[in-house]
Amino acid sequence: MPVEQNDDHSLVTRTQAGDVAAFEALVRRYERWVFSLTLRMVGDRGEAEDMAQEVFLKAYRGLPRFKGNSRFSTWLYAIASHHCLNHLQGRRRRPAASARGSAGVAGEDLPAAERLPDEAPRADDLLEREELARIVQTELTFLTEEHRLILILRDIQGLAYHEIAETLGVELGTVRSRLHRARAAMRERLEAHLSVG
Amino acid sequence: MTCDEAREAFSEFHDDMLSGARLMDLTQHLDECPDCRAEWAAFSMSVQVVSGLGMADPPPGFAARVRQQIEAPPWWRRLARTLFVPLPVKIPIHVVALAVLSFAGLMLFQRSPELRREAEVRVAPSAPGVRQAPPASRTPAPPSAGRERAAPSGTGARPPEAPSKLERAEGEAAPPAASAPPPPAPMPLEKRARAPSSLPEEAPKSKSAAPLTPPQTGVGRSAEPQATAEDLRLPLGGLAAPARPPAEPGGAAEDLRPPPGRLQTSTLPQAQSQGAAVGPTTPAPAAGAGPARQSSVPTMSPDVLFSAAATQYAQQEYDRAIEGFKTFIATHPQDARVADARYLLGDSYFLRRRYAEAIPEFDTLIRQFPNSSRVPAALYRGGQARLSLGDRAGCQLLRDVATRYPQAREAASAREDLSTRCP
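Below: a short report on this structure. Nothing here was measured: the structure is a model prediction, and the numbers come from that model.

Scoring rules and cut-offs
Residues numbered from 1 in each chain as written. Chains lettered and ligands numbered in written order. Predicted model: local features only at pLDDT ≥ 70, side-chain atom pairs only at ≥ 80, totals over all residues. Heavy atoms only, no water. Helix = DSSP H or I, 4+ residues; strand = E, 2+ residues; numbered from the N terminus. Buried < 20%, exposed > 50% of the residue type's maximum accessible area, 1.4 Å probe, protein only. Contact = heavy atoms within 4.5 Å. Areas by Shrake-Rupley, 256 points an atom, 1.4 Å probe, with all protein chains shown as cover. Buried area = accessible area lost by both parts, 1.4 Å probe. Salt bridge = Lys/Arg side-chain N within 4 Å of Asp/Glu carboxyl O. Axes fitted to C-alpha atoms, helices over the stretch in contact; angles between N-to-C directions. Parallel < 35°, antiparallel > 145°, perpendicular 65-115°, else oblique. Left-handed = near helix turned anticlockwise from the far one by under 90°. Core = buried A, V, L, I, M, F, W, Y, C linked by side-chain atoms within 4.5 Å. Phe/Tyr/Trp six-rings, centres within 6.5 Å; stacked < 30°, edge-to-face > 60°. Polar contact = N/O pair within 3.5 Å; in protein donor to acceptor, adjacent residues only side chain to side chain. Expected span 1.5 Å × (residues − 1). Nonpolar A, V, L, I, M, F, W, Y, C, P; charged D, E, K, R; others polar.

## Things to note about the overall build of chain B
If you tally the helices and strands in chain B, you get 22 helices and zero strands. When each of the 423 residues of chain B is scored for burial, the buried share is 49%. Intrachain contacts of chain B at a sequence separation of at least 6 include 67% that bridge at least 24 residues. For chain B, the computed accessible surface area is about 20,200 Å², with 60% contributed by carbon and sulfur atoms.

Structural data, given as structure tokens:
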């Protein structure tokens, strides 16, 4: 994750001094990262955009209290991660919204297995295809929120183990074990769609 | 290394986090175990596929929208802008809306007898002349049109002649109006003395012979109305009685309960069933509420009228009970229950703290039905009402109860009141 720490620091300082343009620059720098996280977590672009905006608004309001003890990126990842977890937990308490969220990605309501051809192609061939991306995204939403989050942070967002531990506020050993369980769960879900040979 | 141990290490193996002996054990196990090799291939492919999802680009203009939200004015400013901008348009709209609402409120007030009566009751205690007029000639609170029509001449008007002992005593003992403290302001309905919890619900339903017990009034007993009575007595100087200790639970209700056997709850279902036969859809409780409803009054049977009013009384809807009993008395003056209705009418006024209106009803009952079993209760209540207005003529009435009706239920309460309020 290429992050220009020095630029972050100056932008943060300017934002704390009331420069909204500086914060907009921070948003531009991290919008892709935050939006990807929210999109992979909820699977709906509109909802993901709203969530990403809320993450940045929270960050803007919290910046006056940001002391710089950690990197801005880690601080922002933590806000985004917790916002996603809170959002999904709140949606779970609202059955209608939850049903919409688990219905799939981009309007795909059918289970992934029903959309797959009888003879599944090799993963390398499918990877470029949009359909496999949809399948993976759909199967992601069936994982628990914690497994989904750690899988996205590591395998999609590319965070290192220690960054994940700092972002989630857990021990390194917890990251290892949780990531392994998440990958194993995802491997079981994808088993029906992939052929190894 | 077992298969389970090998598979537990897949994740770290994928991320190149294994080293040393553990890494060598795993690679050796994968070489030797075809099942684990296949499982590793599937695991690795799964991770690879997930990684292939990649990052997603946000919609164009995302950062600008975030900035817009940050720079958006606070909610109160947006609200003010919505309400008042543009000023030349919004202000006239608000003025017109306010005028329409005010007019509607005024019309509602004028056409609603209940609201008017509430307002009149609130105003009445501050008028010093209310207590000056003797009860017989005193006019009730400004009547609504419906009430005037409901009261026929002869029954509603009380003749000023033939003053009873009560009235003479009252006239002699009435203190100057200037020194009289104002009557207490009416309390909110929910703060008034309440009936025993089971009564309002059971009275209309019960078929037992239990007497219909009026809700407990606080006058002279419960804390809140007693405090008001104490306030009234304070300006009388040495005549003020010491504060009475709180009575046992239910004691006040016992004292203020009308004599037993007068109005049986068993009559209510019967009356209601008869009323249902006459006209099941007739809105009996609202019979005397207004001119429009009055037109249907003559068609209603006395049973319906009486039972409806008695039910409202039992349910502490005293304003409606007052209208009901007045309509009953006005339309069926020869009915055998007129004495009961008159007593309950007066008691409804009393429980609404409309003492000035309650007193004439009790006096009329005593005058018209001197042999009624309601007389001791009417005397007692009339005495309490006068004392609550600061009129010590009430003491004479209490003495009458204690001496003329020593066996009556009210006699003990009257004696107690005499000792505390009429020393």
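## Re the overall build of chain A
Broken down by element type, chain A carries 11 helices and zero strands. What you see in chain A, going N to C, is helices and strands ordered as α-α-α-α-α-α-α-α-α-α-α. Here chain A holds 197 residues, and 52% of them are scored as buried. Across chain A, the fraction of contacts at a sequence separation of at least 24, relative to all contacts at a separation of at least 6, is 64%.

## Brief notes about the interface of chain A and chain B
Contact with chain A, which involves 45 residues of that partner, is made by 36 residues of chain B. Taken over both partners, the interface formed by chain A and chain B buries close to 3,800 Å², and the fraction arising from carbon and sulfur atoms is 66%. For the chain A face of the interface with chain B, the top three residues by lost area are His180, Arg183 and Arg187 of chain A, together amounting to 17%. Joining chain A to chain B, the criterion identifies seven salt bridges. The closest approach of N and O atoms between arginine 176 of chain A and glutamate 12 of chain B, which form a salt bridge, is 3.4 Å.

## Comments concerning the packing of helix 2 (residues 20-42) of chain A against helix 4 (residues 72-92) of chain A
Residues and elements named next belong to chain A. The N-to-C vectors of helix 2 and helix 4 enclose an angle of 30°; their axes lie 10 Å apart at closest approach. Overall, the two elements helix 2 and helix 4 adopt an arrangement that is roughly parallel. Helix 2 and helix 4 meet at a crossing whose hand is right-handed. Taken together, the residues of helix 4 that come into contact with helix 2 (itself represented by Leu26, Tyr30, Trp33, Val34, Leu37, Thr38, Met41 and Val42) are Phe72, Ser73, Leu76, Tyr77, Ala80, Ser81, Cys84, Leu85, His87, Leu88 and Arg91.

## Some words on the nonpolar core
One recurring pattern in soluble globular proteins: nonpolar side chains tend to sit buried together. Core analysis: the biggest nonpolar cluster contains 64 residues, and Phe23, Leu37, Met41, Phe56 and Phe72 of chain A have the highest contact counts within it. Among the elements that make up this core, the one with the highest residue count is helix 2 of chain A (13 residues). Counting residues in hydrophobic clusters, the runner-up holds 45 residues, among them Val338, Ile366, Ala385 and Leu398 of chain B.

## Some details on the environment of methionine 17 of chain B
Assignment of secondary structure puts methionine 17 of chain B in the loop between helix 2 (10-14) and helix 3 (20-32). With a relative accessible area of 34%, methionine 17 of chain B lands in the partly exposed category. Residue contacts for methionine 17 of chain B: discarding those within four places in its chain leaves Tyr161 and Arg176 of chain A together with Glu12 of chain B.

## Some words on the packing of aromatic side chains
One pair of aromatic rings is described through two measures. These are the centre distance and the angle between the planes. Residue and element names in this part refer to chain A. Applying the stated criterion across every chain yields a total of 18 aromatic pairs over all chains. Each ring, one from phenylalanine 23 and one from tyrosine 60, has its centre 5.1 Å from the other, and the planes form 65°; the classification is edge-to-face. One end of the pair, phenylalanine 23, is in helix 2; the other, tyrosine 60, is in helix 3 (residues 45-62), and 37 residues separate them in sequence. The buried category is assigned to phenylalanine 23, whose relative accessible area is 1%. With a centroid separation of 6.2 Å and an interplanar angle of 80°, the aromatic rings of phenylalanine 66 and phenylalanine 72 are classed as edge-to-face.

## So, the pattern of salt bridges
Scanning the model with the defined rule gives 27 salt bridges over all chains in all. Of the charged contacts in the structure, one is a salt bridge between arginine 183 of chain A and aspartate 15 of chain B, with a shortest N-O distance of 2.8 Å. Taken together, the positions of arginine 183 of chain A in helix 11 (residues 172-190) and aspartate 15 of chain B in the loop between helix 2 and helix 3 put the pair across two chains. Taking relative accessible area as the criterion, aspartate 15 of chain B reaches 11% and is therefore assigned buried. Within this structure, Glu24 and Arg28 of chain A together with Arg67 and Glu71 of chain B form a network of salt bridges that share partners.

## Some words on the environment of glutamate 5 of chain B
Tracing the chain through its elements places glutamate 5 of chain B in helix 1 (residues 3-8). A polar contact is formed between the side chain of glutamate 5 of chain B and the backbone nitrogen of threonine 2 of chain B, at a distance of 3.1 Å.

## Considering helix 16 (residues 302-314) of chain B
The α-helix advances 3.6 residues per turn, and as a result positions three or four apart in sequence lie on the same side. All names here are of chain B. Compared with the 18 Å implied by 1.5 Å per residue over 13 residues, the 18 Å span of helix 16 between its first and last C-alpha is a close match. Among the 13 residues that make up helix 16, 12 are buried, leaving the element largely enclosed by the rest of the structure. What helix 16 keeps buried is the set Asp303, Val304, Leu305, Phe306, Ser307, Ala308, Ala309, Ala310, Thr311, Gln312, Tyr313 and Ala314. Taken from the residues just after helix 16, glutamine 316 is the one with a positive phi, measuring 65°.

## What about the packing of helix 2 of chain A against helix 9 (residues 145-156) of chain A?
All names here are of chain A. Orientation of helix 2 relative to helix 9, taken along the N-to-C sense of each, is 140°, at an axis distance of 10 Å. In terms of axis orientation, helix 2 runs oblique to helix 9. In this structure, helix 2 meets helix 9 at a crossing whose hand is right-handed. Across the interface between the two elements, Trp33, Leu37, Arg40 and Met41 from helix 2 touch Glu145, Arg148, Leu149, Ile152, Leu153 and Ile156 from helix 9. Residues of the contact of helix 2 with helix 9, tallied by class, amount to seven nonpolar, no polar and three charged.

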